[in-house]
Amino acid sequence: MLIKHCMQSKVVSISPDTSLLKCKSLFREYGVSRLPVVDTDNYVVGIISNTDIKEFSPQNTTGLEVLELLDMLAETPAKQIMVVKPKTININNTVENAALLMEEYSVGCLPVVDDDEKLAGIITDWDVFKMFINITGTREQGIQMSFVLEHKPGTLRAKLDKLKEYGARIITVLSNVTDDGMRDVTLRFRAPDAASEAKLIEELSADGSVVYWGRGDEIHMMNDK
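A brief look at the structure comes next. (Residues numbered from 1 in each chain as written. Predicted model: local features only at pLDDT ≥ 70, side-chain atom pairs only at ≥ 80, totals over all residues. Heavy atoms only, no water.)

## A word on the overall build of the protein chain
Part 1: Helices and strands together make up the secondary structure of the protein chain, namely 7 helices and 11 strands.
Part 2: Taking 17 Å as the expected radius of gyration for a compact globule of 225 residues, we find that the protein chain reaches 25 Å, considerably beyond that expectation.
Part 3: Along the three orthogonal principal directions, the C-alpha set of the protein chain runs to about 70 × 45 × 35 Å.
Part 4: Going through the 225 residues of the protein chain one by one, you find that 40% of them count as buried. (Helix = DSSP H or I, 4+ residues; strand = E, 2+ residues; numbered from the N terminus. Rg over C-alpha atoms; globule rule 2.2 N^0.38 Å. Buried < 20%, exposed > 50% of the residue type's maximum accessible area, 1.4 Å probe, protein only.)

Here is the structure:
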């Protein structure tokens, strides 16, 4: 899935000279925890988070110290504590690659830029999480079955042919090659009627490759693979 289809395009950004006090106000107003920092031409020059400001601020302040803290935040620009030249990603890249970058750099978001390297949006770990729910088809009603198959041509085709035989509609197919060279496959499908559903579960499970099958929160373990 492309980043442009699931990123937040209405992103709140600031200039390097925006005060930390203004940043805190924007965090509250827009319900965000990170702000991209851009120059006058909308190029990303940094990023600042609510955590950055908390770490910068003294802890356990008294009443008088709170006033001093507010003055300090009002006088300190974002450029003093922001992360300079953060990792960005192109709007036409994929969400999967965005997730890999977030993991590699241990960050919770990436500013998204267009082909001119100008800010176009932002993608967060929460956006990736929501995308994961969508591509797994979790919100769809139907049967979910997980298999461990040999990683060779034809093993998955046999399962798909069985679904076709009973007129089942495939919702999602997820596949992963494991360290031992086997293939983890999860199918989510909807059978045309209860009788076909029961027969499919029975026949797909006959060769012992099924790890579990389920419907919603109802999960049935089949073996210990």
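## Digging into the sheet that holds strand β10 (residues 210-215)
Part 1: Taking strand neighbours across the sheet as the criterion, the 5 strands line up as β8-β9-β7-β10-β11 in an open arrangement whose pairing is antiparallel. The open sheet has two edge strands with one neighbour each: β8 (169-177) and β11 (218-221). Along the sheet, successive strands turn relative to each other by an average axial angle of 15 degrees, direction set aside.
Part 2: Of the strands in this sheet, β7 (143-150), β8 and β9 (182-190) touch helix α6 (residues 155-165), which is tilted by about 10 degrees from β9. (Pairing = 2+ DSSP bridges. Axes fitted to C-alpha atoms, helices over the stretch in contact; angles between N-to-C directions. Contact = heavy atoms within 4.5 Å.)

## Comments concerning the pattern of salt bridges
Part 1: Evaluation of the coordinates by the stated rule reveals 12 salt bridges.
Part 2: Residue D161 is joined to R157 by a salt bridge in which the shortest nitrogen-to-oxygen separation is 3.6 Å. Pair noted here: D161 and R157 are both in helix α6, with a separation of 4 residues, about one helical turn.
Part 3: For R157, a relative accessible area of 51% translates into the label exposed.
Part 4: Members of the salt-bridge network, linked through shared partners, are K162, E165, K199, E202 and E203. (Salt bridge = Lys/Arg side-chain N within 4 Å of Asp/Glu carboxyl O.)

## A few points about the state of the cysteines
Part 1: Summed over the entire model, instances satisfying the criterion amount to 0 disulfides.
Part 2: C23 carries a free sulfur, and the closest cysteine sulfur to it, the one in C109, is 14 Å from it.
Part 3: C109 carries a free sulfur, and the closest cysteine sulfur to it, the one in C6, is 14 Å from it.
Part 4: According to the relative accessible area criterion, C109 is buried, its value standing at 7%. (Disulfide = S-S within 2.5 Å.)

## Remarks on the nonpolar core
One broad rule of soluble globular proteins: the nonpolar side chains tend to lie buried together.
Part 1: Counting residues in hydrophobic clusters, the biggest one holds 18 residues, and the most contacted among them are M145, F147, L163, L187, F189, L200 and L204.
Part 2: Where this core is concerned, the elements lending two or more residues are β7, α6, β9, α7 (194-204) and β10.
Part 3: A per-element tally of this core places β7 first, with 4 residues.
Part 4: The residues contacting L204, other than those within four sequence positions of it, are M145, F147, K159, K162, L163, F189, S209 and V210.
Part 5: In this structure, F27, I48, L69 and I81 belong to the second largest nonpolar core, which totals 15 residues. (Core = buried A, V, L, I, M, F, W, Y, C linked by side-chain atoms within 4.5 Å.)

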